[in-house]
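Here is what each chain is made of, one letter per residue.
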Amino acid sequence: MNTINVTRPVGELLSLLVEEFLGELPARIFKVLLTRGRLSAPTLAQYTSMTKRQLLHGLVVLQQHNLLHYKVDPESTHMTMYEANPENAYNLIRVGKTLEMVDSTFGAAAKDVMRSLLLSGFTRISDLVAAYQEQIDEASKATRTEPDDEDPFAEPEGVNGDAQAAKKPGLVIKSTAHLNSVICRLVEAELIEVMHDKIFLTHHDLVKGAEAKVMKEYFPTGIKGNKAKVELQEKIADELREDRSKSKSLKRKLEQNSAAAKRRKLFAEGGLNGAPEEETDPLLDAKQVIRINHEKCLVDLRNRRLVQFVNDMIGETTGYVYAVLLKHLTKSLPRCRTDPLIDISEEHIEQGKGFVTTDEILDSLKTAVDLSLGLGKESRDKFSSRAAEKVQHSAPKKKIILEAAVDGDASADEDEHDDGDGSDSDESMADGDFKPAQANGTKVKFADGVAGDYKLDRPTQLKQHLLLLAESSQRFVRHCGPNEWTVDFVPLIQTLKEAELDSIIEQQCGRPGLRLVRILRSKGKLDEKALTNTALMRKSEIQQTMLQMLKAGFAHTQEVPKDNKADVSKSFFLWYCDTNRSLDRLQARSYKSMLNCIQFLEVLRQKEKDVLSVTKRLDVKGREKDVMRKEYYDRYSQFLEHEKRLFAQMGRLDDLITLLKDF
Amino acid sequence: MPGDNDIKIDVFKDLLYDAVREHGSESRLFTQSDLLDLNVIPDRDVLLLVKVVQALTADKLLVATREGSTLAWRWRSREEAKKYTSFPNDETMLVYTVIDEAGRDGIWNRTIKNKLKMHESLVKNAIKYLETKGFIEPMKNNVEHPNKKMYIKANLKPSERATGGPWFTDGELDTAFVEELQELVFDYIKTKSAYLSTHIPMSGGGGGGGGATRAPKKGVIRGAAPSTTAPGEDTTRGTKRSATEISNDSSPIMQNSALPPRSAPSATPAPAHTSSRNARKVFLPLPAGYKQYPTVTEIAQLIDRAGVTNNTTLSEADIQQLVDVLVFDGRVEPIKVNGRKGYRVTRAVKQDTQSFSKRRETNPDCVSGAPPIPNGLMEAPCGRCPVFDICVEGGPVSPSTCIYFPRWLGIEQAPPAVSKEVTAS
């Protein structure tokens with residue numbers, strides 16, 4: 001579980017977010033729930049000083065968007081207790097990013113469906129179909145209507161700048177069958193999941209419930225001994241896993257259907273363009289209630305983030321290869337972080353096979369991408385293919401027999417030498433039908449007689465990119481077997497976090513600051529003198545920089561007395577860096593900074609109140625430019641511009657927070 | 001006969017002194033058996049040896065010291081010995097001895113006093129005498145103990161420990177020197193550990209998949225050889241780089257710049273107009289398993305050859321220190337290939353291809369290395385706000401009274417009160 005530590009700024013931020021997206025009434029309730037904790041409806045009414053009607057209305061809205069946990073006390077009172085769901089509230093900020101991600105991987109139609117789901121919270125499939133049916137009907141009447149009132153969501157989509165683009169060409173969903181197939185695809189990708197009753201329970205309640213059930217069923221006489229304790233833990237984990245897998249019921253049903261396999265095949269070939277699919281999808285059970293699976297969305301967002309990191313560190317061609325690799329690797333990865341309670345022993349259950357082969361990647365690469373880009377070229381004798389292709393087995397879950405790896409190594413070596421013996425002219429000619437331009441280019445180069453022997457075939461080029469990723473100091477991938485690749489996410493994300501921290505330190509305290517922090521990180525605690533010697537910096541400069549970093553929370557001090565008297569003047573003062581502490585502080589800072597953004601937006605709104613109130617009028621709405629006076633319209637458009645920038649900034653901050661909190 | 005004996009001892013004195021000098025440097029310690037083994041004293045006559053050694057010690061030509069639990073001697077040059085005999089009193093001689101013994105490390109005047117258990121004024125007088133005679137001098141620019149008054153024998157070079165090694169000049173860390181050398185080393189590693197491509201640029205906008213970001217590059221290539229590109233191909237295969245290669249195959253220039261030869265970038269035959277107008281130089285990472293990433297030894301050799309450090313010799317350990325700093329800066333990273341530890345530049349693609357000295361000509365304040373990764377927090381005013389910690393809604397500093405946000409959004413000083421006019425519609 002990615003829990004948010006709801007501090008005061010975070011609480012404020014979340015309730016402002018809810019206000020931004022759902023309006024003031026739910027936000028007020030949400031805020032009370034955040035600050036007061038678990039409450040029943042009557043007490044809630046008391047704290048919010050709302051009428052019952054208002055309260056229930058607000059609760060329903062919150063419930064609909066999954067921003068509440070509730071639990072009906074089964075024993076005595078049958079009272080329903082409500083609790084805020086800060087994780088989902090925070091997810092609101094990510095709405096635009098999620099949509100953009102869906103748009104780029106699944107096309108505009110999928111994005112549209114996702115947007116409808118985001119707008120209406122969790123929805124019964126039949127309702128969704130009905131809503132779209134209505135639109136389709138209206139569209140067929142040749143009146144171009146927008147999906148519906150999108151006011152609260154206009155801003156976050158504006159961030160991506162493509163909200164309008166999606167609207168213009170009219171309807172993206174052509175028919176209910178089309179809608180059905182889009183939903184099928186999203187369900188298969190696990191981006192949409194089925195609602196079930198347990199989703200409304202807090203994590204704590206869920207665990208307690210599972211524990212009670214297990215105790216009742218298996219240990220009616222209580223637990224005795226360590227063995228029983230372990231068994232209890234396993235049983236609870238099983239129970240929780242079962243609860244968790246309930247939301248995948250629709251996907252399982254789809255997988256059982258033979259049509260799914262066929263569609264996937266079609267999909268792999270040309271479905272990416274969002275072209276209307278074959279209408280062979282099984283009709284989904286209209287009674288199912290679906291919602292967006294934010295956990296899986298996070299996996300995809302993490303992939304993007306990692307690719308961006310590779311782009312920054314190595315280059316874009318390699319980044320593209322990495323994107324393909326990650327896509328394959330995380331296809332069946334349900335979430336970024338494992339739950340320590342649930343995934344105690346059998347991690348592999350939901351992780352898929354845990355590696356990707358070179359061929360799989362090769363098959364999915366776009367043919368337009370030239371893999372020879374982004375890598376330097378040197379004559380072959382300057383490389384040690386053995387060192388490059390070293391296989392690392394350190395994965396705890398995956399064992400490869402040693403000989404196999406050695407064999408693989410040797411054969412790879414031979415391959416390399418074969419290439420080097422001038423036989424690659426044939427090979428690249430053979431490549432001809434695969435990628436004609438390349439072969440063509442090669443031929444000319446042979447005539448030139450200059451760079452001929454560098455022309456590598458595509459699998460080798462691909463492999464070079466992969467090996468480069470494996471060799472990188474960040475360990476983007478692990479060469480876990482001959483032609484098998486995997487990613488160790490946990491250490492990699494830690495590296496990414498540190499890189500992010502480093503970049504902030506460098507920007508705030510300059511390169512000297514970064515140098516000192518990294519020295520401390522690698523050497524542990526040091527006193528000033530040792531620091532001077534290692535950093536090759538003047539003492540005064542070090543003192544200044546360290547002080548600055550101490551204030552910013554990047555470095556910390558420790559006083560070690562020389563003797564029992566603990567004389568301050570004789571004590572050692574050691575500097576050290578606690579990376580996790582710095583990261584926590586960074587996260588808190590980001591939350592606060594985000595809060596400041598949204599509060600400043602409120603300030604802007606107050607300032608432009610008169611203009612904004614005009615734009616809310618029904619006769620003005622939609623045709624602001626024609627109706628409003630120029631001076632006012634300018635102010636309005638300027639405000640929109642500022643609003644957009646502030647939201648964009650919040651999105652950027654979210655990048656950081658997501659990395660620190662969720663990946 | 002005493003005179004006879006004295007003459008004998010004088011002879012042996014000279015003989016022994018010469019033999020000892022032949023057998024080792026001034027710092028070598030000779031034990032009694034060592035001296036006997038020199039075969040100067042006939043019949044290994046210990047008594048005679050004692051007499052001879054006593055005489056030599058009295059002449060200050062031998063210095064008695066202790067080696068472990070036994071007594072040992074080392075020799076002293078005649079000039080030095082002459083100095084010793086020239087001192088007016090014993091105190092001065094003792095002070096000089098102590099300073100002499102401290103050698104290149106020098107000695108603190110308080111330590112002298114404590115060691116000799118003499119009165120301060122005596123020590124002061126002795127030091128004054130020795131200083132005026134030019135036998136000793138105060139130690140300047142002591143890095144190890146900057147606040148202590150220390151003395152060292154005249155004409156002796158202070159030890160590395162005292163001066164702080166090659167990075168110190170006149171007792172101060174020579175940051176300019178260090179930085180210059182760092183840039184030199186960094187530039188060397190950069191050019192040796194990455195491939196300079198005169199290719200079409202690799203780095204476009206941030207993020208995104210391969211296809212999307214590649215789009216602008218095609219334009220670049222096509223622009224490079226517009227005459228050879230058939231217009232039809234542009235539209236049909238515009239998104240494929242390979243397609244433009246086809247259209248270019250009649251122009252060997254483009255091939256060369258699209259896939260440069262292995263040799264140094266200067267050998268790239270791409271004509272000036274192509275490279276200057278379109279092809280941007282960029283560093284590319286080398287494929288995995290590259291065996292020739294520069295090592296510290298190679299860097300040390302380079303610096304030695306370049307002769308940039310005209311009066312300082314830098315050992316490999318010094319260079320290692322320098323390279324380590326670069327590693328801590330995040331500018332280079334160590335990489336081990338087949339047990340050979342080399343260094344390579346980080347984020348090769350983002351590096352500036354111009355050498356540091358060249359860039360500094362245009363911009364004296366420039367820094368080498370890739371710029372930090374842009375970051376959401378630092379871009380917002382809050383990331384650099386000096387009063388961020390006390391900023392809270394309702395407090396003295398609050399988002400609503402923030403002066404940085406309006407400036408950041410380009411509002412500057414917000415316009416004063418909005419006119420009360422009713423908006424027309």
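Reading the values: rules and limits
Residues numbered from 1 in each chain as written. Chains lettered and ligands numbered in written order. Predicted model: local features only at pLDDT ≥ 70, side-chain atom pairs only at ≥ 80, totals over all residues. Heavy atoms only, no water. Helix = DSSP H or I, 4+ residues; strand = E, 2+ residues; numbered from the N terminus. Contact = heavy atoms within 4.5 Å. Areas by Shrake-Rupley, 256 points an atom, 1.4 Å probe, with all protein chains shown as cover. Patch = residues over 30% accessible without salt bridge, like charges linked within 9 Å, V, L, I, M, F, W, Y side chains within 5 Å. Salt bridge = Lys/Arg side-chain N within 4 Å of Asp/Glu carboxyl O. Lys, Arg positive; Asp, Glu negative; His and termini not counted. Charge placed at Lys NZ, Arg CZ, Asp CG, Glu CD. Axes fitted to C-alpha atoms, helices over the stretch in contact; angles between N-to-C directions. Parallel < 35°, antiparallel > 145°, perpendicular 65-115°, else oblique. Nonpolar A, V, L, I, M, F, W, Y, C, P; charged D, E, K, R; others polar. Pairing = 2+ DSSP bridges. Buried < 20%, exposed > 50% of the residue type's maximum accessible area, 1.4 Å probe, protein only. Arc of directions from axis to C-beta. pLDDT = per-residue confidence, 0-100.

Visitor: Help me understand the overall build of chain B in this model?
Guide: A tally of helices and strands in chain B yields 20 helices and twelve strands. Long-range pairs, those at least 24 residues apart, make up 54% of the contacts in chain B between residues at least 6 apart in sequence. Of the roughly 22,000 Å² of accessible surface on chain B, 52% is carried by carbon and sulfur atoms.

Visitor: Explanation requested: a positive patch on the surface in the structure shown.
Guide: On the surface, Lys529(A), Lys539(A), Arg110(B) and Lys148(B) cluster together to form a positively charged patch. Within the fold, Lys148(B) resides in the loop between strand S5 (136–138) and strand S6 (150–153).

Visitor: Would you take a moment to explain the packing of helix H23 (residues 489–523) of chain A against helix H25 (residues 539–552) of chain A for this structure?
Guide: Helix packing geometry: the angle between the two helix axes and the distance between the axes. Residue and element names in this part refer to chain A. Running from N to C, H23 and H25 point in directions that differ by 105 degrees, and their axes come no closer than 10 Å. The pairing of H23 with H25 is recorded here as roughly perpendicular in orientation. For the pair formed by H23 and H25, the contact residues are Ile505, Gln508, Cys509, Pro512, Gly513, Leu516, Val517 and Leu520 on the first element and Glu541, Ile542, Thr545, Met546, Gln548, Met549 and Ala552 on the second. The residue makeup of the contact of H23 with H25, split by class, is ten nonpolar, four polar and one charged.

Visitor: Can you help me understand the sheet that holds strand S2 (residues 68–72) of chain A in this one?
Guide: In any sheet, the strands associate via hydrogen bonds between backbone groups, in a parallel or an antiparallel arrangement. Residues and elements named next belong to chain A. Reading across the sheet, the three strands line up as S1-S3-S2 and stay open at both edges, with antiparallel pairing between neighbours. With partners counted over all chains shown, the strands left at the sheet margins are strand S1 (39–40) and S2, one partner each. In this structure, S2 lies alongside strand S3 (residues 80–84), joined through five bridges in antiparallel fashion. Note on S3: the bridge partner recorded for histidine 69 is glutamate 83. Relative to S3, helix H2 (residues 24–36) is tilted by about 90 degrees, and along the sheet it contacts S1, S2 and S3.

Visitor: Quick question: what am I supposed to make of a nonpolar patch on the surface here?
Guide: All names here are of chain B. A surface patch of nonpolar side chains, amounting to about 270 Å² of accessible area, comprises Ile7, Val11 and Leu15. For isoleucine 7, the position within the fold is in helix H1 (residues 2–22). Take isoleucine 7: its relative accessible area is 54%, and that puts it in the exposed class.

Visitor: Just checking my understanding: could you explain helix H3 (residues 41–48) of chain A for this structure?
Guide: Residues that lie three or four places apart on an α-helix share one face, since the helix turns once every 3.6 residues. All names here are of chain A. Listed as buried for H3 are Leu44, Ala45 and Thr48. End-on, the buried residues of H3 take up no more than an arc of 100 degrees, which puts them together on one face. Those residues of H3 that are exposed and angled more than 90 degrees off the buried face are Pro42 and Gln46. Looking at the buried residues of H3, the elements they touch are H2, S1 and helix H4 (52–64). One or two positions beyond H3, positive phi appears at serine 49, with a value near 45 degrees.

Visitor: Which parts of the structure should I look at to understand the confidence of the model for chain A?
Guide: Detailed reading of the predicted coordinates is not advisable wherever pLDDT is low. Residues and elements named next belong to chain A. Model confidence for chain A is summarised by a mean pLDDT of 76, while 79% of its residues fall at 70 or above. Every residue in residues 143–169 scores below 50 in pLDDT, and together they form 40 contacts with partners more than four places removed in sequence or on other chains. Predicted confidence is poor over residues 265–279, with pLDDT under 50, and the contacts of this stretch with residues over four places away or in other chains come to twelve contacts.

Visitor: Would you explain unusual backbone geometry in this entry?
Guide: Phi angles above zero are rare outside glycine, and Leu536(A) is one such case at about 50 degrees. With respect to the secondary-structure elements, Leu536(A) resides in the loop between helix H24 (528–535) and H25. Exposure remark for Leu536(A): the relative accessible area of 4% places this residue in the buried category. A positive phi angle, near 65 degrees, is found at Lys60(B), a position not held by glycine.

Visitor: So what exactly am I meant to see when it comes to the pattern of salt bridges here?
Guide: Applying the stated rule across the entire model yields 43 salt bridges over all chains. With its nearest N and O atoms 3.6 Å apart, the salt bridge here joins Arg347(B) to Asp312(A). Highlighted residues: Arg347(B) in the loop between strand S12 (340–345) and helix H17 (356–362) and Asp312(A) in helix H16 (residues 294–313), drawn from two different chains. Taking the relative accessible area as the measure of exposure, Asp312(A) reaches 14% and is therefore buried. Connected through shared salt-bridge partners, Arg94(A), Lys97(A), Asp654(A), Asp655(A), Lys661(A) and Asp662(A) make up one network.

Visitor: What exactly am I supposed to notice about the packing of H23(A) against helix H16 (residues 316–328) of chain B here?
Guide: Relative to each other, H23(A) and H16(B) sit at 100 degrees, their axes nearing to 8 Å. When the axes of H23(A) and H16(B) are compared, the pair comes out roughly perpendicular. Residues Leu514(A), Arg515(A), Arg518(A), Ile519(A), Ser522(A) and Lys523(A) of H23(A) form the contact with H16(B), whose participating residues are Val325(B), Val327(B) and Phe328(B). Across the contact of H23(A) with H16(B), the residue classes break down as five nonpolar, one polar and three charged.

Visitor: How should the pairing of S12(B) be read in this particular structure?
Guide: One face of the sheet, then the other: side chains in a regular strand alternate in exactly this way. Residue and element names in this part refer to chain B. Note that strand S11 (residues 332–337) and S12 share six bridges and pair antiparallel. Bridging across to S12, valine 337 finds its partner in arginine 340. In this antiparallel pair of consecutive strands, S11 and S12, the connection spans two residues, and asparagine 338 shows a positive phi of 55 degrees.

Visitor: Explain the confidence of the model for chain B here, please?
Guide: All names here are of chain B. Mean pLDDT over chain B: 71, with 73% of residues reaching 70 or higher. Considering each helix and strand of chain B separately, the mean pLDDT is smallest for helix H10 (residues 210–224), with a value of 35, and largest for H16, with 87. The low-confidence segment residues 201–278 (pLDDT under 50) makes 122 contacts with residues lying over four places distant or belonging to another chain. Considering only residues more than four positions removed or in separate chains, one finds that residues 414–425, a stretch of pLDDT under 50, has 15 contacts.

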